[in-house]
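Coordinate analysis (summary)
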Amino acid sequence: MSKSLTARFPDVLFYNQNLTEVQDNVVIGRGSRVGSMTLIHADARIGSGTTIGSHCNICACSIGDNVSIQTGCHITRGVVIEDDVFVGPGVVTLNDKLKGNPMIFPHIEKGAKIGGGSRILPGVRVGAGAIVGAGSVVTRDVPAGAVVMGNPARIRKSPAEKAD
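Here we summarise the structure given alongside this text. (Residues numbered from 1 in each chain as written. Predicted model: local features only at pLDDT ≥ 70, side-chain atom pairs only at ≥ 80, totals over all residues. Heavy atoms only, no water.)

Tallying secondary structure elements over the protein gives 1 helix and 22 strands in all. What you see for the protein is a C-alpha radius of gyration of 16 Å, in line with the 15 Å of a compact globule of 164 residues. Oriented by its inertia axes, the alpha-carbon framework of the protein measures out at about 55 × 40 × 20 Å. Relative to its full complement of 164 residues, the protein shows a buried share of 41%. Summarising the internal contacts of the protein: among those between residues at least 6 apart in sequence, 14% fall at separations of at least 24. Carbon and sulfur atoms provide 52% of the accessible area of the protein, an area that totals close to 8,200 Å². Across the protein, 17 positive and 13 negative side-chain charges occur, with their mean positions spaced 4 Å apart. (Helix = DSSP H or I, 4+ residues; strand = E, 2+ residues; numbered from the N terminus. Rg over C-alpha atoms; globule rule 2.2 N^0.38 Å. Buried < 20%, exposed > 50% of the residue type's maximum accessible area, 1.4 Å probe, protein only. Contact = heavy atoms within 4.5 Å. Areas by Shrake-Rupley, 256 points an atom, 1.4 Å probe, with all protein chains shown as cover. Lys, Arg positive; Asp, Glu negative; His and termini not counted. Charge placed at Lys NZ, Arg CZ, Asp CG, Glu CD.)

Assignment of secondary structure puts Ser 32 in the loop between strand E3 (27–28) and strand E4 (33–34). For Ser 32, a relative accessible area of 1% puts it in the buried group. For Ser 32, the side chain forms a polar contact with the main-chain oxygen of Gly 29, separated by 3.1 Å. A polar contact of 3.1 Å, which involves the side chain of Ser 32, links it to the backbone nitrogen of Thr 50. Contacts of Ser 32, omitting those with residues within four sequence positions, involve Asp 11, Val 12, Leu 13, Ile 46, Gly 47, Ser 48, Gly 49 and Thr 50. (Polar contact = N/O pair within 3.5 Å; in protein donor to acceptor, adjacent residues only side chain to side chain.)

Turning next to the nonpolar core. In terms of nonpolar packing, the biggest core is built from 38 residues, with Ile 28, Ile 40, Ile 63, Ile 69, Ile 81 and Val 126 touching the most fellow members. Residue contacts for Val 126: discarding those within four places in its chain leaves His 107, Ile 108, Glu 109, Ala 112, Ile 114, Val 132 and Val 142. (Core = buried A, V, L, I, M, F, W, Y, C linked by side-chain atoms within 4.5 Å.)

Moving on, we come to the pattern of salt bridges. This structure, assessed with the given rule, holds 3 salt bridges. Residues Asp 11 and Arg 30 are paired through a salt bridge, measuring 3.2 Å at the closest nitrogen-oxygen approach. One end of the pair, Asp 11, is in the loop between helix H1 (5–8) and strand E1 (13–14); the other, Arg 30, is in the loop between E3 and E4, with 19 residues separating them in the sequence. By relative accessible area, which is 59% here, Arg 30 ends up exposed. Ionic pairing is found between Asp 84 and Lys 110, a salt bridge with its closest N-O pair at 3.4 Å. (Salt bridge = Lys/Arg side-chain N within 4 Å of Asp/Glu carboxyl O.)

Consecutive residues of a regular strand have side chains that alternate between opposite faces of the sheet. Of the strand pairs in this sheet, strand E21 (residues 147–150) and strand E22 (residues 153–157) are connected by 4 bridges, and their pairing is antiparallel. Bridge pairing in E22 places Val 147 opposite Lys 157. Taken together, E21 and the strand that follows it, E22, pair antiparallel across an intervening segment of 2 residues. (Pairing = 2+ DSSP bridges.)

So, on to the sheet that holds strand E15 (residues 107–108). Across the sheet, 6 strands lie side by side as E3-E6-E9-E12-E15-E18; this open sheet has parallel pairing. Each edge of the open sheet carries a strand with a single partner, namely E3 and strand E18 (125–126). Pairing of E15 with E18 involves 2 bridges; the strand directions are parallel. Looking at the pairing, His 107 lines up with Arg 125 of E18.

Structurally, Arg 45 is set in strand E6 (residues 45–46). Taking C-alpha positions, Arg 45 is 17 Å from Thr 6, a pair spaced 39 residues apart along the chain. Each residue touching Arg 45, except ones within four places of it in the same chain, is listed here: Asn 25, Val 26, Val 27, Cys 61, Ser 62 and Ile 63. Here Asn 25 takes part through its backbone oxygen, which lies 2.7 Å from a polar atom of the side chain of Arg 45.

Structure representation (structure tokens):
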């Protein structure tokens, strides 16, 4: 019988370890929390103080410190999520353009906020401090500090514009 999740990760809070699976060779930083019915795949790296909601699928990716990933997210293999990022409920990242080419991975930079239900397409980079509106489909890079929304996501506020 394998060790319990609390024995493997004594500094991590699992809301219901009987309804959570963490595969081998996973790192989860101190003070992190993981919701029920979540699967964390082998080789995932999750920083300290990070929250992973319930019903999430976290593939072999890199998630920074103080990240909040809300309920029902699918974070694909190879994705990088830097520190202090917010990912709303139901967000999906994609890493395969289905053209027989190698996979390319989204990268979400420090302090970005991704609204619920958004889709981040393969190879897209969301810049530091950028905001992606709920339900957006992000098909191309988002500049640092920009606000984008829609399908496809378009810039609604450029980084140079002052907030109202």
